[in-house]
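# Topology and contacts: notes
Listed below are the residues making up each chain.
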Amino acid sequence: MAKDRYLSSFIHKDLNDKMVFIAGPRQVGKTTLARDIMKKYFSKISYFLWDNRDDRKNIIAYRFPADYELIVFDEIHKYKNWKNHIKGIYDKLKDKYKFIVTGSSRLDIFRKSGDSLQGRYHYYRLHPFSMREIAETNQCYNAEVLKELKFFKYNRDYFDILFKFGGFPEPMIKQSEVFLRRWHNEKLERLFREDIRDVEKINDINSMKLLSDILPEKASGILSLNSLRENLSVSHKAVKRWVEILESFYYIFRVYPYLTDKYKSIKKEPKLYLWDWSEVEDESKRFENMVASHLLKYVNFLYDNLGYKAELNFLRDIEKREVDFLVSIDKKTWFSVEVKLNETDMSKNLIYYKEKLKIPFNYQVIKKSGVDIYQNDIRIISADKFFTGLC
């Protein structure tokens, strides 16, 4: 397994210019990443956890070690006035210290005009381990947009481990089904008890927990808020807010239809996926979710690290012709992906959209290993190999 996470060197470089924010789901490895950067690149470091009483006092009082190089603030977004406080610290001490801010909520949620922190930080989303990250270091340096993906050597065992246990560090390393079940339970309890309750006012927390129980069953499908409202017997407003909160805390993510005047697209509901695909029991849904997660990680990397306006969407028209994913750069179609468990017959919808939208590269990704067929500008390829072309 790689010693460094895929963002380490990029974050170290960006610390020379601004603060660095690292956000991502609970237990994905944000604190470990920050500590590893601290140990590898800096000799004198200081770590402050907002949940620690003494650390809170020191943060509020602007009390930091005088001869240190790097300061890390963990979960400081739980402080109501955190933006202005961080701004004050940074503006006053930026010539003396470098700063990393980590959190399990979307630290970029305030990235807008008039934001007091605007122009003072670089923002990164840390994802679970992917196929390629397990296998090697520096795996993202050679990203070339709008060109055909390049694939590398791979170990099928890595795919099997990721598919079964997910990409979060602890269960992936333990490789124990008992540990995975217990870890799922504890992660959700802490998400509601320690994270959401600290920053959000939820009147009906039990119904929101029930929502989190049923979402894994709906993964890889169209997300209908009306259907969820009926299932939970709550208002549309409530379920809409709960979904937004779960997304802001990196429990779920949504993929929206690709909108263009070149075809009559469905303009309504997005598709739903979980950040931790190991929670999804159905094999087909879990596989599609795993593909979605790998694609999102790549798209987020291209945006956060390299500055490309990369987007992940799906294709579906009014006649219900659907392709699972489309990756675009600056609104230009780059490559499409149709996910099948083991089907090697070429997808008709993939052919249709390839021609309709002039998509340069098209992949039918299947779970079965050892497949790589190129026909009619479409590549039918095993997921274990396909993932090596991402990040």
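Check the entry above for the structure.
Here is a short report on the structure shown in this document. Note that the structure is a prediction, hence the values are computed from the model and not measured.

Turning next to the pairing of strand 5 (residues 121-125). Within strand 5, four of the five residues are buried, which leaves it mostly tucked inside the rest of the structure. Of the pairings in the sheet, the one linking strand 1 (residues 19-23) to strand 5 comprises five bridges and is parallel in character. Residue pairing in the sheet places Ala23 in a bridge with Arg125 of strand 5.

In spatial order, the strands read 7-6-8-9-10-11-13-12; together these eight strands make up an open sheet with mixed pairing. A strand with exactly one partner marks an edge of an open sheet, and here the two such strands are strand 7 (271-274) and strand 12 (372-375). Between one strand axis and the next, the sheet turns by 30 degrees as a mean value, whatever way the strands run. Across five bridges, strand 9 (residues 322-329) lies against strand 10 (residues 332-340) in antiparallel orientation. For Phe325, the partnering residue across the bridge sits in strand 10 and is Val337. Its contacts with the sheet put helix 13 (residues 348-356) on strand 8 (310-316), strand 9, strand 10, strand 11 (361-366) and strand 13 (378-382), and the angle it makes with strand 9 is roughly 35 degrees.

One recurring pattern in soluble globular proteins: nonpolar side chains tend to sit buried together. Within the largest apolar cluster, 91 residues are counted, with the highest numbers of intra-cluster contacts made by Ile11, Phe73, Leu295, Trp334, Phe335 and Phe386. Broken down by element, the residue count for this core peaks at 10 residues, all from helix 12 (residues 283-304). If sequence neighbours within four positions are ignored, Phe386 has contacts with Leu149, Phe151, Leu295, Phe335, Val337, Tyr363, Val365 and Ile381. Counting residues in each nonpolar core, the second largest holds 28 residues, with Leu188, Leu225, Trp242 and Leu246 among its members.

Space left empty within the atom packing is revealed by a probe, the size of a water molecule, rolled over the atoms. Using the criterion set out here, one finds three cavities of 30 Å³ or more in the structure. There is about 90 Å³ of room inside the second largest cavity. For the lining of the second largest cavity, the residue count by class is seven nonpolar, no polar and three charged.

Where burial is concerned, most of strand 6 (residues 252-257) is hidden: five out of the six residues are buried. The pairing of strand 6 with strand 7 spans four bridges and is classified as antiparallel. The residue bridging Phe253 from the neighbouring strand is Tyr273, located in strand 7. Looking at chain direction, strand 6 and strand 8 are connected through two bridges and run parallel.

Within this structure, the stated rule accounts for 34 salt bridges. When the shortest N-O distance is used, the salt bridge between Lys150 and Glu144 registers 3.1 Å. Among the ionic pairs, Lys331 bridges to Glu311, the shortest N-O distance being 3.0 Å. Remark: Glu311 occurs in strand 8 and Lys331 occurs in the loop between strand 9 and strand 10; sequence separation between them is 20 residues. A relative accessible area of 56% means that Lys331 is categorised as exposed.

Quick notes on the rules
- Per chain, residues are indexed from 1 in the order of the written sequence.
- For this predicted model, a pLDDT threshold of at least 70 governs which residues receive local features, and a threshold of 80 or more governs which side-chain atom pairs are given and counted, while totals over whole chains, interfaces and linings are taken from all residues.
- Side-chain descriptors were evaluated using all non-hydrogen atoms of the structure, hydrogens and water having been removed beforehand.
- Think of it in three bands: residues with accessible area under 20% of the maximum for their type are buried, residues over 50% are exposed, and the middle band is partly exposed, with areas taken using a 1.4 Å probe on protein chains only.
- Going along the chain from the N terminus, every DSSP run of H or I of four or more residues is numbered as a helix, and every run of E of two or more is numbered as a strand.
- A pair of strands counts as paired when DSSP detects no fewer than two bridges linking them.
- Comment: axis = line fitted to C-alpha atoms, over the contacting stretch for helices; angle = value between 0 and 180 degrees taken between N-to-C directions.
- Contacts between residues were defined by any pair of non-hydrogen atoms, one from each residue, lying within 4.5 Å.
- Here, nonpolar core means buried Ala, Val, Leu, Ile, Met, Phe, Trp, Tyr and Cys residues that are tied together by side-chain atoms lying within 4.5 Å of each other.
- A pocket here means an open set of points on a 1 Å grid, computed over the protein atoms alone, that has protein on both sides within 12 Å along at least five of seven lines. A cavity is instead a set of points where a 1.4 Å probe fits but cannot get out; residues with an atom within 4 Å of a point line either one.
- Grid points are joined across faces, edges and corners, and a volume is the space filled by probe spheres set on the points.
- Each residue gets one of three labels, nonpolar for Ala, Val, Leu, Ile, Met, Phe, Trp, Tyr, Cys and Pro, charged for Asp, Glu, Lys and Arg, and polar for the others, Gly among them.
- Definition used for salt bridges: Asp or Glu carboxyl oxygen within 4 Å of a side-chain nitrogen of Lys or Arg.

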